Amino acid sequence: MPRIHALPDQLISQIAAGEVVERPASVLKELVENSLDAGATRVDVQLEEGGVRLLRVADNGNGMEAEDLALALARHATSKIATLDDLERVASFGFRGEALASIASVARLDLVSRARGASHAWRQRNDRPQPEPAALGAGTVVEVADLYFNTPARRKFLRTAATEAAHCLEALRRIALARPDVAFSLRHNGAERLRLAAGGAQQRLRDILGGELADQARRVVEAAGDLHLSGWVALPAQAAANRDSQYLFVNGRFVRDKVLAHAVREAYADVLHGSRYPAYALFLDLDPAGVDVNVHPAKTEVRFRESRSIHQFVFHAVERALAAPLAGVQPDRSFAAETPSTFTSYDRGSAVGYPRQGALAVREPDASAYLAFAASAHPARTASDGAPEASPPGEAPDAAMPLLGYALGQLHGIYILAQNTGGMVLVDMHAAHERILYERLKSAADGGPLPVQPLLIPALLDVSDLDMATAEEQGEALAALGFEVGIAGPAQLAVRSVPGPLAAGDVATLVRALLADLRQHPATRVLQGRRDELLATMACHGAVRAHRLLTLPEMNALLRDMERTLRADQCNHGRPTWVQLSLEDLDRLFLRGR
Ligand code: ADP
Ligand code: MG
């Protein structure tokens, strides 16, 4: 049996380096964080061969006194905390006092620093016992050369220089996103890869995420007690196939945190289906006592004291930001929960599935559109009783122009073409209507059982044995969703009622889709959990289909509906429901100078 013995200092640091100095990017992170802790307002990074041959960080921070230089390289030596109390309220990036020691144990380290007010700078190298005088205007320059030269086993884990440089760049971008007040640059093998001027948060976001994404992202600003969340969440339509553009910060520190990431993912769940990843940059600030940052040596993980309430807070903040209705229009919440009350009577045509869409109830302030729309749903009455037209008076002042304007016509049975103050609007009518119905169904369901619309004449549909069996088994679930479905014959079902918001839909298609959905995922006890999914199916099949011809009043009613519906900007699958082409856009298309 070998005897127990204390490890030499160098080996202890090399072991610690295993956690702190995973690759050049982690060295970069530690050095740049030190610069920021030292109050730097500009940080310049230089890499050679992916940062393995050389990684140099120069800052204009407070610098160090000569006698502190040797200590800076010692293990567990820090200027940032002194007591346990300090640790619990730590506001600096560093506090463990082991980064420089760890780096020095696996690389050649050269530190040059000039404290503010000092007559000159001092240099400390990890292979020399004493600092020596050096020349430097201000701040600190740390050079890390030949990373892992003495630990070849670790060196084997390094990837190509290009890959390591890419990781370094990403590490710097993360830090930079949270510190728009600081200027950063990065060069690799002499070539400039990043240059960021100090400025505002919005500009920094554009620099890091790209202008298009940043400009269209939704702003988040929420506070509750000592919790504060700010930042941006990109629209679902801009989601990417990977998580590259997801940035979470806690008290200015970039973190990977399951609680926060889950809260954000949940907030998008309603507007983004499938395997797409939304971009976001969110900054959570809270009392440092409420979060433990001393969980992992690299400090990219944190532990919240009150993780449940933080989850809720972040979830609601992001959900609200995404749900905000079209810019400048207040949602009419009462509207969403309404059942179109005027459609109490049914003609057989709409009940058994002729594509007679159009029960888009529009309440005030646009009653005229509603009347016209209602009239158009009953063509027999249209001509004779002269329902008022919803089209705008020609001389309508701009101020009165609704956000999405007025419809001009329908393109290929798929898009609505409208004109608004800004120029031209194109609406994907199915996607938009689907979202409206979905939101209406959800808010109706939130208030209890879905309001039911009895059909005067039941809709009959011929079904397979499988559908028949499902209808029998899932009768309760169907009833909870507002469908009363009975057996009319050996292979025929009779639908006697449908949820109010879907009253004018194609009942047969709707019920068939729902039966198929229920068969795949039986919804006996789990109805609540799957409620939104089922409502989405209902909305999809209840929504107006392509090639259904709409009248102008119907189109206008749809536009008005969109303006007051939550999340109307995107369909249930994260695609946009409308696009705006401004007059400038059109001028550009025609190379027309104005
Ligand atoms: P920590 O950051 O946890 O304190 P480090 O090993 O990263 O530990 O750094 C040790 C100490 O060296 C810091 O506490 C700080 O006083 C000093 N230091 C490191 N880098 C710089 C810098 N760029 N400018 C000024 N002081 C620095
Ligand atoms: Mg540090």
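Starting afresh in each chain, residues are numbered from 1 along the sequence in its written order. Chain A is the first chain written and ligand 1 is the first ligand written, with later ones labelled in order. Two thresholds apply to this predicted model, a pLDDT of at least 70 for residue-level local features and 80 or more for giving and counting side-chain atom pairs, whereas whole-chain, interface and lining totals are computed over all residues. Excluded from the side-chain calculations are hydrogens and water; all other atoms, namely the structure's heavy atoms, are used.

**Examining the overall build of the protein**
Thinking step 1. Helix and strand assignments come from DSSP, with helices taken as H or I runs of at least 4 residues and strands as E runs of at least 2, each series counted from the N terminus. If you tally the helices and strands in the protein, you get 22 helices and 22 strands.
Thinking step 2. Throughout this description, buried means an accessible area under 20% of the type-specific maximum (1.4 Å probe, protein chains only), exposed means over 50%, and partly exposed covers the range between. Among the 594 residues that make up the protein, the fraction classed as buried is 50%.
Thinking step 3. Note on contacts: a residue pair qualifies if any of its non-hydrogen atoms lie within 4.5 Å across the two residues. For the protein, the proportion of contacts with a sequence separation of at least 24, taken over those separated by at least 6, is 69%.
Thinking step 4. Surface exposure here means Shrake-Rupley accessible area, sampled with a 1.4 Å probe, where a residue is shielded only by the protein chains that are shown. Accessible surface computed for the protein: about 27900 Å², of which carbon and sulfur atoms make up 54%.

**Comments concerning the confidence of the model for the protein**
Thinking step 1. You can read pLDDT as the predictor saying how much it trusts each residue, on a scale of 0 to 100. When the pLDDT values of the protein are averaged, the result is 82; 85% of them are 70 or greater.
Thinking step 2. Contacts for the low-pLDDT stretch residues 327-393, under 50 throughout, to residues beyond four places or in other chains number 123 contacts.

**Side note on the site of ligand 1**
Thinking step 1. Residues in contact with ligand 1 amount to 19 residues; listed here are only the nearest, Asn34, Thr78, Ser79, Lys80 and Gly97.
Thinking step 2. Here a polar contact means two N or O atoms within 3.5 Å. Within protein one must be a hydrogen donor candidate and the other an acceptor candidate, and residues neighboring in sequence count only if both atoms are side-chain atoms. The backbone of Phe95 places a nitrogen or oxygen atom 2.9 Å from an oxygen atom of ligand 1.
Thinking step 3. Here ligand 1 loses 93% of its free accessible area of 530 Å² to cover by the protein chains.
Thinking step 4. Looking at the shell around ligand 1, the elements that each hand over two or more residues are α2 (24-37) and α5 (99-106). Nearness of a residue to a molecule or strand requires only that one of the residue's heavy atoms be within 4 Å of it.

**Points about the environment of Glu98**
Thinking step 1. Residue placement: Glu98 occurs in the loop between α4 (84-88) and α5.
Thinking step 2. Accessibility expressed as a relative area gives 10% for Glu98, which makes it buried.
Thinking step 3. The spacing of Glu98 and Ala16 is 82 residues in sequence and 8.0 Å in space, taken between C-alpha atoms.
Thinking step 4. Leaving out residues up to four positions away in the same chain, Glu98 has contacts with Ala16, Val20, His76 and Pro297.

**What about the pattern of salt bridges?**
Thinking step 1. The salt bridge definition used is simple: a Lys or Arg side-chain nitrogen within 4 Å of an Asp or Glu carboxyl oxygen. Tallying each qualifying case throughout the model produces 31 salt bridges.
Thinking step 2. Residues Arg75 and Asp9 are paired through a salt bridge, measuring 2.8 Å at the closest nitrogen-oxygen approach. Placement of the pair is Arg75 in the loop between α3 (66-72) and α4 and Asp9 in helix α1 (residues 9-20), with a sequence separation of 66 residues.
Thinking step 3. Using a relative accessible area of 23% as the deciding quantity, one classes Arg75 as partly exposed.
Thinking step 4. The class for Asp9 is exposed, based on a relative accessible area of 52%.
Thinking step 5. Ionic pairing is found between Arg23 and Glu164, a salt bridge with its closest N-O pair at 3.0 Å. Remark: Glu164 occurs in helix α7 (residues 161-178) and Arg23 occurs in the loop between α1 and α2; sequence separation between them is 141 residues.
Thinking step 6. Connected through salt bridges with shared partners, the residues Glu319, Arg435, Glu439, Lys442 and Arg567 form a single ionic network.

**Considerations on the packing of aromatic side chains**
Thinking step 1. Aromatic pairing here means that ring centres of Phe, Tyr or Trp (its six-membered ring) are within 6.5 Å. Orientation follows from the plane angle: under 30 degrees is stacked, over 60 is edge-to-face, and everything else is tilted. Applying the stated criterion to the full structure yields 3 aromatic pairs.
Thinking step 2. With centroids separated by 6.3 Å and ring planes inclined at 65 degrees, the aromatic side chains of Tyr247 and Phe254 adopt a geometry described as edge-to-face. Phe254 matches Tyr247 in its accessibility class, with the two residues each being buried.
Thinking step 3. Among the aromatic residues, those joined into a ring-pair cluster are Tyr247, Phe249, Phe254 and Phe283.
Thinking step 4. Only Lys NZ and Arg CZ are tested; either one counts as a charge over a ring when it is within 6 Å of the ring centre and within 35 degrees of the ring normal. Across from the ring centre of Trp232, 4.3 Å away, lies the NZ or CZ of Arg219, which sits over that ring.
Thinking step 5. Arg560 extends its terminal NZ or CZ atom over the ring of Tyr406, reaching a point 5.2 Å from the ring centre.

**Digging into the environment of Ala217**
Thinking step 1. Mapped onto the elements of the fold, Ala217 is located in the loop between α9 (211-216) and β9 (218-224).
Thinking step 2. For Ala217, a relative accessible area of 15% puts it in the buried group.
Thinking step 3. When the C-alpha atoms of Ala217 and Ala321 are compared, they prove to be 9.7 Å apart, with 104 residues separating the residues in sequence.
Thinking step 4. When near neighbours in sequence (up to four residues on either side) are disregarded, Ala217 contacts Trp232, Val233 and Ala234.

**As for the sheet that holds strand β18 (residues 423-428)**
Thinking step 1. Across the sheet, 4 strands lie side by side as β16-β17-β18-β22; this open sheet has antiparallel pairing. Every other strand in the sheet has two partners, leaving β16 (406-411) and β22 (578-582) as the edge strands with one partner each. The average undirected angle you get between the axes of adjacent strands in this sheet is 25 degrees.
Thinking step 2. Two strands make a pair as long as DSSP finds a minimum of two bridges between them. In this structure, β16 lies alongside strand β17 (residues 415-420), joined through 5 bridges in antiparallel fashion. Among the inter-strand pairings, Leu411 is bridged to a residue of β17, identified as Tyr415. Only the stretch in contact is used when fitting a helix axis, every axis being a line fitted to C-alpha atoms; angles between N-to-C directions are given from 0 to 180 degrees.

**So, the nonpolar core**
Thinking step 1. Of all hydrophobic cores here, the largest spans 60 residues; its most connected members are Leu28, Val32, Val144 and Phe184.
Thinking step 2. We call a set of buried Ala, Val, Leu, Ile, Met, Phe, Trp, Tyr and Cys residues a nonpolar core when their side-chain atoms join them within 4.5 Å. Leu481, Leu514, Ala536 and Ala539 belong to the second-largest nonpolar core, a separate cluster that totals 34 residues.

**Things to note about the environment of Ser105**
Thinking step 1. Position of Ser105 among the secondary structure elements: in helix α5.
Thinking step 2. A C-alpha to C-alpha distance of 7.5 Å links Ser105 and Ala17, two positions 88 residues apart in sequence.

**Description of helix α21 (residues 552-563)**
Thinking step 1. Here α21 spans 17 Å end to end across 12 residues, near enough to the 16 Å set by a 1.5 Å rise per residue.
Thinking step 2. A large share of α21 lies buried, amounting to 11 of its 12 residues.
Thinking step 3. Every buried residue of α21 is listed here: Pro553, Glu554, Met555, Asn556, Ala557, Leu558, Leu559, Arg560, Asp561, Met562 and Glu563. Expected helix span is computed as 1.5 Å times (number of residues minus one).

**Examining the sheet that holds strand β7 (residues 183-188)**
Thinking step 1. With mixed pairing, the 8 strands of this open sheet are ordered in space as β5-β4-β3-β6-β2-β1-β7-β8. Edge positions in the sheet fall to β5 (132-134) and β8 (191-196), since each of these pairs with one other strand and no more. Within the sheet, the average angular offset between the axes of one strand and its neighbour, ignoring direction, is 15 degrees.
Thinking step 2. Examined bridge by bridge, strand β3 (residues 108-114) and strand β4 (residues 121-125) share 4 bridges and lie antiparallel to one another. Residue pairing in the sheet places Ser113 in a bridge with Trp122 of β4.
Thinking step 3. Of the strands in this sheet, β1 (42-48), β2 (54-59), β6 (139-145) and β7 touch α2, which is tilted by about 15 degrees from β2.

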